[in-house]
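Letter by letter, the chains look like this.
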Amino acid sequence: MSGKSMMEESAMVARPESENAMRLAEEGGATFGAGQQAVKSQNGLQDESQIMEVAIGPQHPSTHGVFRMDVKLDGERVVRLKPVFGYLHRNHEKIAENASYLAAIPYTDRLDYLCSMSNNWGYTLAVEKLAGIAVPERAEYIRVIMAELTRFQNHAGLVGFLLQDMGASGTPLMYAFREREKILDLFEAVSGARMMCNYLRFGGVRVDCTPEWLEETRQLVGRLPRFVDEFERLLRGNEILMARTQGVGVLGRELAVNAGVTGPMLRACGVNYDLRKVDRYGIYDRFRFRVPLGEHGDVYDRYMMRVLEMRESIAILEQALKDIPEGPVMDAKAKLRGLRPKVGEAYGRIESPKGELGFYLISDGTMNPYRYRVRPPCLINLTILEDMCLGQSVADVVVTLGSVDIVMGEVDR
């Protein structure tokens, strides 16, 4: 896609800023420099006796799972932060190398367990590339519908949890979960499970969507804009939200690109990169939608990315539900059990709600993958946590971590 057309299909975030929020942002910039000076004290330039080391997690509600941060503080200011993960490691990749290609699908549900439909798609896409399997048109539409419903409920939940981390107990999270429950009801109706859906297959999807299910989905999608409007009225111009998020946890464009950050975190820095536009996997090239972009790379921009992407997901869903054709949902030539792809390798990637989710497979001609590796966006986006938190207060660390949007099942695998 040309640079011009990419710009036409992107949208910069316009955001309200209060005097108090701008003042706090300026103070945040000043304290970042102070934090860097405090880091220098670690090397003996100042008295280390004033530095306090605190472990936040792994049993802490604000770490979003069994995750620990070893934080060194100068008073309330962070001078060093070391993320510690691995508590939830389940040997996902080695298990998949000792299972058939088909048997690995349910394990992908348990990576980012809030987004099982997206996980299924990333893995099945890699196997389809490896084995040369085609996907019927109707199944492609169903995949897009499931992926965008997943993106919507993920982002709604993230905003709710982020506000919960700031101390806004109850209301935003319950608003988000109210809509999430409706989407999970749809997932359960079509797949038999609310979260561990195990729905996609190589060459299509496991079962077709009934006309009644599609009609119910259309009605739900028709009501979602009202929910987003309500959510924005509640939160967007809130003085406390702006003061706690603007100028906090800033991530620069160059660092984000060099660190391999993807998804809403990268786009909040102003980098126009969305795999649905870049790779155009599936049938995303048939849908018109914009890629929201931020300018400041702070927590507020990351919050706004999720809200605006919910609106774009609604636009995609409306188009997909309108245009979905009749036809089969599985490639008749696809062999599921006993699949033996030719010797070779393939990498399948999708734009999951957290960023680029990739699966790298090597086939040696047997029924099991010779190598199976996952590129988890949650883990890679988490690696620059210290850079965003230096010089910030402990309270800002919690908010910054919440804006990254991690699920430890995917971080640790």
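Structure: see above.
Residues numbered from 1 in each chain as written. Predicted model: local features only at pLDDT ≥ 70, side-chain atom pairs only at ≥ 80, totals over all residues. Heavy atoms only, no water.

(A) Quick peek at helix α7 (residues 171–191). For α7, which comprises 21 residues, the first-to-last C-alpha distance of 30 Å matches the rise-based estimate of 30 Å (1.5 Å per residue) to within 8%. Residues of α7 that are buried: Pro172, Leu173, Ala176, Glu179, Arg180, Ile183, Leu184, Leu186, Phe187, Val190 and Ser191. Each buried residue of α7 sits inside an arc of 150° when the element is viewed along its axis, so together they form one side. Among the exposed residues of α7, those pointing more than 90 degrees away from its buried face are Met174 and Ala189. Taken from the residues just after α7, Gly192 is the one with a positive phi, measuring 95°. (Helix = DSSP H or I, 4+ residues; strand = E, 2+ residues; numbered from the N terminus. Expected span 1.5 Å × (residues − 1). Buried < 20%, exposed > 50% of the residue type's maximum accessible area, 1.4 Å probe, protein only. Arc of directions from axis to C-beta.)

(B) Representation of the nonpolar core in the model. Tyr123 and Tyr199 are the most contacted members of the largest nonpolar core, which has 83 residues in total. Ranked by the residues each element gives to this core, the list is headed by helix α6 (residues 137–166), at 15 residues. What Tyr199 contacts, discounting residues up to four positions off in sequence, is Met117, Asn120, Ile142, Met146, Val190, Ser191, Val205, Arg206, Val207, Asp208 and Cys209. If you look at the next biggest cluster of nonpolar residues, it comprises 27 residues, including Leu73, Leu251, Ile406 and Met408. (Core = buried A, V, L, I, M, F, W, Y, C linked by side-chain atoms within 4.5 Å. Contact = heavy atoms within 4.5 Å.)

(C) How the structure looks around the sheet that holds strand β10 (residues 371–375). Strand order in the open sheet formed by three strands is β8-β9-β10, with antiparallel pairing between adjacent strands. Edge positions in the sheet fall to β8 (344–352) and β10, since each has one partner strand and no second. Each strand of the sheet is rotated relative to its neighbour by a mean of 10°, with strand direction disregarded. With nine bridges connecting them, β8 and strand β9 (residues 355–363) associate as antiparallel partners. Residue pairing across strands places Tyr347 opposite Tyr360, the latter belonging to β9. Lying over the sheet, helix α5 (residues 116–131) contacts β8, β9 and β10, oriented at roughly 150° with respect to β8. (Pairing = 2+ DSSP bridges. Axes fitted to C-alpha atoms, helices over the stretch in contact; angles between N-to-C directions.)

(D) The packing of aromatic side chains, seen in detail. Summed over all chains, the structure comprises 15 aromatic pairs. With a centroid separation of 5.9 Å and 90° between ring planes, the pair formed by Tyr141 and Phe287 is classed as edge-to-face. Of this pair, Tyr141 sits in helix α6 while Phe287 sits in the loop between α12 (275–278) and β7 (291–293), placing them 146 residues apart in sequence. Assigned by exposure class, Tyr141 and Phe287 land together as buried. Taking 6.0 Å as the distance between ring centres and 70° as the angle between the ring planes, the aromatic pair formed by Phe359 and Tyr372 counts as edge-to-face. Taken together, the residues Phe359 in strand β9 and Tyr372 in strand β10 connect sequence positions 13 residues apart. You can call Phe359 buried: its relative accessible area is 0%. With a relative accessible area of 0%, Tyr372 lands in the buried category. Through pairs of rings, three or more aromatic residues link up here, namely Trp121, Tyr141, Tyr281, Tyr284, Phe287 and Phe289. The ring of Phe177 is capped by Arg180, whose NZ or CZ atom sits 5.1 Å from the centre of that ring. (Phe/Tyr/Trp six-rings, centres within 6.5 Å; stacked < 30°, edge-to-face > 60°. Lys NZ or Arg CZ within 6 Å of the ring centre and 35° of its normal.)

(E) Here's a closer look at the pattern of salt bridges. Per the stated rule, a full pass over the model turns up 28 salt bridges. A salt bridge links Arg178 to Glu230; the shortest N-O distance between them is 3.0 Å. On the criterion of sequence distance, the pair formed by Arg178 in helix α7 and Glu230 in helix α8 (residues 211–235) is long-range, its members being 52 residues apart. Using a relative accessible area of 37% as the deciding quantity, one classes Arg178 as partly exposed. Taking the relative accessible area as the measure of exposure, Glu230 reaches 25% and is therefore partly exposed. Across the pair Glu309 and Arg267 runs a salt bridge, and its minimum N-O distance is 2.8 Å. Taken together, the residues span a long stretch of sequence, with Glu309 in helix α13 (residues 299–323) and Arg267 in helix α11 (residues 264–267) at a distance of 42 residues. One exposure class covers both Glu309 and Arg267, and it is buried. Put simply, Glu148, Arg151, Arg267, Asp274, Arg276, Glu309 and Glu351 are held in one network by salt bridges that share partners. (Salt bridge = Lys/Arg side-chain N within 4 Å of Asp/Glu carboxyl O.)

(F) Just the packing of α6 against helix α16 (residues 394–404), in detail. As a packed pair, α6 and α16 sit with axes 9 Å apart at the nearest point and diverge in direction by 175°. One finds that α6 runs roughly antiparallel with respect to α16. For the pair formed by α6 and α16, the contact residues are Leu158, Leu162, Asp165 and Met166 on the first element and Val398, Val399, Gly402 and Ser403 on the second. Across the contact of α6 with α16, the residue classes break down as five nonpolar, two polar and one charged. (Parallel < 35°, antiparallel > 145°, perpendicular 65-115°, else oblique. Nonpolar A, V, L, I, M, F, W, Y, C, P; charged D, E, K, R; others polar.)

(G) Summary view of α8. A rise of 1.5 Å per residue sets the reference length of α8, with its 25 residues, at 36 Å; its end C-alpha atoms lie 36 Å apart and thus fit the reference within 8%. Arg223 marks the point of greatest bend in α8, at about 25°, and the proline Pro225 comes within the next four residues. Against α6, α7, α9 (239–245) and α13 lie the buried residues of α8. (Bend = angle between axes of the 7 residues up to and from the residue.)

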